[in-house]
Amino acid sequence: MLRRTIRATDIKSPDELIELLDRHAYLADEGLATAAFLALRMGRPLFLEGEAGVGKTELAKTLAALLDAPLIRLQCYEGLDAAQALYDWDFARQLLHLKAAEAAGITDVGRLEGEIYDRRFLIARPLLKAIETQPSVLLVDEIDRADDEFEAFLLEVLSDFTISIPELGTVKAGTPPVVVVTSNRTREVHDALKRRCLYHWLEHPSFEREVAILRRRLPSCTEKLAEQVAAAAWPAPGRPGQTAGRGRDARLDGGAADAGRRRARPRAGRRHARRGAEVPGGRRGRARQRPARPGTEGERAVRPCVSPPPS
Ligand SMILES: Nc1ncnc2c1ncn2[C@@H]1O[C@H](COP(=O)(O)OP(=O)(O)O)[C@@H](O)[C@H]1O
Ligand SMILES: [Mg+2]
């Protein structure tokens, strides 16, 4: 039987998107589905912000799976610059080409220059690759780890999906890729970038949704076990200060996520120190300012990394 490819614009409503995501073992609530649906419909990037483990990266992966499109991932880090995100010339191959031409007795400098700046000597990095690949899903993951300069550059690329390469000319996306930008909010991302996108703050799911996600991802897990796992991740009443994520990380993720968090904190602190005026109080300060969800004050859960069921 032929499988019908779904295009982003084929999806008629947030409810239909919820159903399609569910088929790929991703459970989205109405708010997330509405933001994602509008982003797909309007051809705008989707900006997802939220604590680690709430399903930001996974949504991009699931969108790629349901649209049957390659996922092109740009993992951000401090010091990431435009060249690493766009393209590079393959110097080794260019040199080899010059040597071969020399051996063949070709001495026409103009011709050789033209040849070494041919498309085949260009290595496409994620942004160029996404613009050249149709359809594709571009995941710009953890933009909060990159510097301001990179953010400004990304804003430019996301505005017109055009990249100009001095030696080759301009590359423009026929159909822009589906773009998902994520941030763990270790620092504030500039408003201009958020305005370019459809922004959605991803909350930790409710206990019931959490149980549903566990059962959807691990069909062999009984309702009772899923409830116990979800419950273990929430702090017991009267034990303030116990963070939900720790328990769950230790149980299901071998503590790896916890280690990641320990690494992330001093780094976030450094950044906030640098931008002290811009982000008063840093991440912790902001977390305190955000209104707590009813009945879950102080709770911070980190979702276990579980794999989708085998299809
Ligand atoms: N809504 C969801 N539906 C199904 N699985 C989810 C959902 N949210 C999170 N997960 C699970 O949690 C894991 C971690 O999510 P991830 O997307 O990596 O978090 P982050 O927000 O840090 O990018 C995923 O691999 C997936 O197994
Ligand atoms: Mg992620």
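The structure this text deals with has already been given above.
Novice: An account of the pairing of strand β1 (residues 46-49) is needed here, citing residue identities and associated values.
Specialist: Residue alternation in β1 divides its side chains into two sets, Leu46 and Leu48 and Phe47 and Glu49, and both sets are buried. Pairing of β1 with strand β8 (residues 178-183), which is carried by four bridges, proceeds in the parallel orientation. When the bridges of β8 are listed, Leu46 appears paired with Val180.

Novice: Residues and numbers for the nonpolar core, please.
Specialist: Ranked by internal contacts, the top residues of the largest apolar core, which has 53 residues, are Ala36, Leu46, Leu63, Leu127, Val137, Val140 and Val180. Counting residues per element, this core draws most heavily on helix α2 (residues 30-42), which supplies seven residues. Formed by six residues, the second largest nonpolar core is a distinct cluster that contains Val211, Ile213, Val229 and Ala230.

Novice: Which residues make up the sheet that holds strand β9 (residues 198-201), and what values go with them?
Specialist: Within the open sheet, the five strands sit side by side as β2-β5-β8-β1-β9. Their pairing is parallel. Either end of the sheet is taken by a strand with one partner, and the two such strands are β2 (71-75) and β9. Neighbouring strand axes in the sheet, compared pairwise and without regard to direction, differ in orientation by 20° on average. Of the strand pairs in this sheet, β2 and strand β5 (residues 137-141) are connected by five bridges, and their pairing is parallel. If you follow Ile72 over to β5, its bridge partner there is Leu138. Seen against the sheet, α2 touches β1, β8 and β9 and runs at an angle of roughly 165° to β9.

Definitions and limits used
- Residues numbered from 1 in each chain as written.
- Chains lettered and ligands numbered in written order.
- Predicted model: local features only at pLDDT ≥ 70, side-chain atom pairs only at ≥ 80, totals over all residues.
- Buried ≥ 20, exposed ≤ 12 C-beta atoms within 10 Å, placed from the backbone.
- Helix = DSSP H or I, 4+ residues; strand = E, 2+ residues; numbered from the N terminus.
- Pairing = 2+ DSSP bridges.
- Core = buried A, V, L, I, M, F, W, Y, C linked by C-beta atoms within 7 Å.
- Axes fitted to C-alpha atoms, helices over the stretch in contact; angles between N-to-C directions.
- Contact = placed C-beta atoms within 7 Å.

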